[in-house]
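# An overview of the molecular structure
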Amino acid sequence: MIGSPDRETMTEPTSHAGYVFDRQRGDHERLIQSSELLAPFTTEGCVRTGLARGGRAIDIGCGPIGALPVLAELVGPEGRVLGLDASGEALGTARAILDERGFKMVTLVEAELANVPTSDLCPPGPFDLAYVRRFLVHQADPAASLRRIAELLRPGGRIVAHEIPPGTGYPSLTPRVPALQRVDELVHAAVHARGGKYDAAHHFEALCRDAGVRLLGQRGFLPAAQPVLLLETFQAVLGSLRPVIVHHHLATTGEIDDLLHQLEEAKQGKYVSCFANLYIEVIAEA
Ligand SMILES: C[S@@+](CC[C@H](N)C(=O)[O-])C[C@H]1O[C@@H](n2cnc3c(N)ncnc32)[C@H](O)[C@@H]1O
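Residues numbered from 1 in each chain as written. Predicted model: local features only at pLDDT ≥ 70, side-chain atom pairs only at ≥ 80, totals over all residues. Heavy atoms only, no water.

The next subject is the sheet that holds strand E2 (residues 80-85). Sheet architecture is open: 7 strands sit in the order E3-E2-E1-E4-E5-E9-E7, paired in mixed fashion. The outermost strands of the open sheet, each flanked by one partner alone, are strand E3 (106-110) and strand E7 (214-221). Taken pair by pair, the neighbouring strands of this sheet meet at an average axis angle of 15°, ignoring direction. Two strands pair when backbone bridges link them, and strand E1 (residues 56-60) and E2 are joined in this way by 5 bridges, in the parallel orientation. When the sheet's bridge partners are listed, Asp59 is paired in E2 with Gly83. Against the sheet, helix H3 (residues 68-75) contacts E1, E2, E3 and strand E4 (127-133), and its axis sits at roughly 165° relative to E2. (Pairing = 2+ DSSP bridges. Helix = DSSP H or I, 4+ residues; strand = E, 2+ residues; numbered from the N terminus. Axes fitted to C-alpha atoms, helices over the stretch in contact; angles between N-to-C directions. Contact = heavy atoms within 4.5 Å.)

Quick look at the structure:
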């Protein structure tokens, strides 16, 4: 339940990765829903790298499903897909979904990117493509993560990163819902407070240079969304980040409850447009 009093007494989740999957069911659900919303953009980005049937792809920080179905569809049964995540709980959800959809050729590995021995991932690697989404922003050193990712690729292999930059004015409903902007600010502040580079998406040129990978292109994309689903997603995110926000004094429990209430009320509104977060897509070559 979002905003239940016992959540307020929780300590901040510990993490060696800046973000390790929160044990809330709401976290699984929102990530699965957003994976579906983003699937056309994921497909397009991966196809632009040349990923095709028989290819080998890895989704790093795949969470409870991530891009795994998209990658599995693109490489087909003769290809190989690996999902890596530090959270065994998230991978359990991913396995159940993948089995239900018949994607038994996807391998899942529970590990921290920085520590996993290459031999645990190769084979099936070295990979043609490494995909990350909402991952680099949670890393303390995203350039080091990119460097490690490049080591898992074949020469000329590609990295596709889809990350959310702060300060874009999205997500957005028209007419505006000010609480949504405030929650979005708190999300970025919480990522920062946990040691993530919340503005990594604004610095891809430097990150690629520091990681020794060649930046091939950058562009933005903006998914249209359903107002009630968007508002529910941000309620779930705020509920999930409540302990971090309170622990770091980014907002009081009173403000969080008030924001949750405003998002709930906003579900009754009539909107002429609704957009989710703006993403930056980066394609780089190892
Ligand atoms: C915000 S979630 C995004 C999940 C998925 N990429 C998506 O877009 O739906 C980030 C995921 O990355 C995982 N993660 C973060 N840092 C990691 C690391 N250094 N090594 C492995 N997994 C990590 C977390 O456990 C979490 O499941």
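What follows continues from the structure just given.
Along the chain, Lys267 falls in the loop between helix H9 (253-266) and strand E8 (273-275). Accessibility expressed as a relative area gives 18% for Lys267, which makes it buried. Among the polar contacts made by the side chain of Lys267, one reaches the side chain of Gln235 at a distance of 2.9 Å. Apart from the residues within four sequence positions on either side, Lys267 is in contact with Val228, Leu231, Glu232 and Gln235. (Buried < 20%, exposed > 50% of the residue type's maximum accessible area, 1.4 Å probe, protein only. Polar contact = N/O pair within 3.5 Å; in protein donor to acceptor, adjacent residues only side chain to side chain.)

One way to put it is that helix H8 (residues 227-247) packs onto H9 with a least axis distance of 10 Å and a crossing angle of 175°. As far as their axial angle goes, H9 and H8 are roughly antiparallel. Touching Leu231, Phe234, Gln235, Leu238, Arg242, Ile245 and Val246 of H8 are Thr253, Ile256, Asp257, Leu259, Leu260, Leu263, Glu264 and Ala266, all from H9. (Parallel < 35°, antiparallel > 145°, perpendicular 65-115°, else oblique.)

A word on the nonpolar core. By size, the foremost hydrophobic cluster in this structure holds 34 residues, and its most contacted members are Ile58, Ile60, Leu84, Leu121 and Phe204. Mapped onto this core, the elements with two or more residues apiece are E1, E2, E4, helix H5 (142-151), strand E5 (153-163), helix H7 (204-211) and strand E9 (279-285). (Core = buried A, V, L, I, M, F, W, Y, C linked by side-chain atoms within 4.5 Å.)

Turning next to the pairing of E5. The pairing of E4 with E5 spans 6 bridges and is parallel. Considered in E5, the bridge of Phe127 is made with Leu153. Remark: the E4/H5/E5 crossover connection has right-handed handedness. Summarising the sheet, E5 and E9 pair through 6 bridges and their orientation is antiparallel. Its bridge partner lying in E9, Ala161 is registered against Val282. (Right-handed = clockwise from strand over helix to strand, strands pointing away.)

Further remarks concern the pattern of salt bridges. Throughout the structure, instances matching the rule amount to 15 salt bridges. Glu285 is the partner of Arg158 in a salt bridge, and the nearest nitrogen-oxygen pair spans 3.2 Å. Residue Arg158 is found in strand E5, and its partner Glu285 is found in strand E9; the two are separated by 127 residues along the sequence. A residue is classified by how much of its surface remains accessible, and Glu285, at 16% relative accessible area, is buried. As a salt-bridge pair, Glu255 and Arg182 come within 2.6 Å of each other at their nearest N and O atoms. Here Arg182 lies in helix H6 (residues 178-193) and Glu255 lies in helix H9, a separation of 73 residues in the sequence. Take Glu255: its relative accessible area is 26%, and that puts it in the partly exposed class. Three or more residues joined by partner-sharing salt bridges are found here, namely Glu44, Arg48, Arg219 and Glu281. (Salt bridge = Lys/Arg side-chain N within 4 Å of Asp/Glu carboxyl O.)

The local shell around the ligand holds 21 residues, among which Gly61, Asp85, Leu113, Arg133 and Gln139 are the closest. In this structure, a nitrogen atom belonging to the ligand sits 2.7 Å away from a main-chain N or O atom of Gly61. Within the contact set of the ligand, a nitrogen atom lies 3.0 Å away from a backbone nitrogen or oxygen of Leu113. Coverage of the ligand by the protein amounts to 99% of the 600 Å² it exposes when considered alone. Here the shell around the ligand is built from residues that sort into 10 nonpolar, 7 polar and 4 charged. (Near = heavy atom within 4 Å. Areas by Shrake-Rupley, 256 points an atom, 1.4 Å probe, with all protein chains shown as cover. Nonpolar A, V, L, I, M, F, W, Y, C, P; charged D, E, K, R; others polar.)

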